[in-house]
Amino acid sequence: MKKKVTIQDIADAVGYSKTTVSRYINGQTNMMSAETANRIKNVIELLDYHPSELARSLKTKKTYTVGVIVSDIASPFSSAVVAGTGEILEMNGYVPLFINCHEDPAKEKIAISTLVSKGVDGLIVNTTSPDNDFLYGYQNQGIPIVLCDRKLRNYNMDIVGEDNEEIISVLVHHLKEQGYTRIALMTQENLQSSAKNIRKSSFLRIMDEEFGYDAHADVFLTRDETVSSVSECVKAFMKTVKKGEIPAVIGANSVMTMLAFRAIKNLGYRMPDEIGLCGTNSWSWNESTIWMDMLRPTVSCVMIRGYEIGQKCAARILEKIEEPSGEVKTIWVNTDFVPRESTLRKK
């Protein structure tokens, strides 16, 4: 009969105390160096050690599970967030329970209620709606919650994401510097996402400040995420461009930027001579295959690091699980703007 591997066996193999190994297994990696944690991790995998989750839960009053609510798992951003979140939670001995809500607030409510009833230690929520009162109610009950990327309208809660106002500001300023005088924003019709709303309102404000005109007519809401729908928007925009104006398009997210690129190419416009294009990129799970560099012309984009956002969401929920009464934090992950051929009119 195979001998059951114990914590003492792990401690003997790595040359550390039983207490240090126990801390690693209980997710307290902040109390040790990365080298120590990695060494223990390797030995645990080598010896195929599996701690008793029941015994651990009875001792700590935790289930070592975290619910991760994703509004739309099909989006490139969500996929990157899920990968980053899972890595950090699993590294710290927690099991992530992922649920996709398909941008449906009703499904989100059911999912969160189910996860809470199963006793998850915390929730990471990429919410489907900014009007999510029941989520705030659960926080008031003492359940640790971290919002991912999307805010609630009237409540101050921990959130990890990117600074959407700064993203739009960087793109508009770049286009102005390159000599563009007329700019359109392409975004989805569904504006339940606080991130999309912030980008839209920021675009209108910055256009008024930088160009001195009301740009509401230059915000185009696509019916769906198809090239044909975005092509209609590009055609409608170009029909309003007056002689002497130099037009450009901003894609509000990765999908819109990619669709706008295809629409502009299909319509026969030349970038950047006849129209400019820039936007955001959330395909950050693999930066060695950056689609903006593969297209011709290459596309100017702000890099949104969804993978890192997921990692920081996980790190923050672990902090809140350990210290539920700590201060509320807003954590912005840095973004980088890379100008490329699609907007560079001035060398």
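Just above sits the structure.
The following paragraphs examine the structure supplied in this document. Here the structure is a predicted model, which is why all the values come from computation and not from measurement.

### Thoughts on the sheet that holds strand 3 (residues 122–125)
Working step 1: Read across the sheet, six strands follow the order 2-1-3-4-5-11 without closing on themselves; strand pairing throughout is parallel. Each edge of the open sheet is held by one strand with a lone partner, namely strand 2 (95–100) and strand 11 (330–332). If you compare each strand with its neighbour and ignore which way they point, the axes differ by 20° on average.
Working step 2: Sheet topology note: the strand 5 (residues 159–161)/strand 11 ladder contains three bridges and is parallel. Paired with Val160 across the strands is Ile331, a residue of strand 11.

### Thoughts on the pattern of salt bridges
Working step 1: One pass over the full model with this rule turns up 15 salt bridges.
Working step 2: Lys320 is paired through a salt bridge with Asp158; the nearest N and O atoms lie 3.0 Å apart. Taken together, the residues Lys320 in helix 13 (residues 306–322) and Asp158 in the loop between strand 4 (145–148) and strand 5 connect sequence positions 162 residues apart. Across the pair, exposure class does not vary: Lys320 and Asp158 are buried alike.
Working step 3: For the salt bridge of Arg316 with Glu319, the shortest nitrogen-to-oxygen distance reads 2.8 Å. Taken together, the positions of Arg316 and Glu319, both in helix 13 and three residues apart, correspond to about one turn of that helix.
Working step 4: Judged by relative accessible area, Glu319 falls into the partly exposed class, the value being 40%.
Working step 5: Connected through shared salt-bridge partners, Asp158, Arg316, Glu319 and Lys320 make up one network.

Reading the values: rules and limits
- Residues numbered from 1 in each chain as written.
- Predicted model: local features only at pLDDT ≥ 70, side-chain atom pairs only at ≥ 80, totals over all residues.
- Heavy atoms only, no water.
- Pairing = 2+ DSSP bridges.
- Helix = DSSP H or I, 4+ residues; strand = E, 2+ residues; numbered from the N terminus.
- Axes fitted to C-alpha atoms, helices over the stretch in contact; angles between N-to-C directions.
- Salt bridge = Lys/Arg side-chain N within 4 Å of Asp/Glu carboxyl O.
- Buried < 20%, exposed > 50% of the residue type's maximum accessible area, 1.4 Å probe, protein only.

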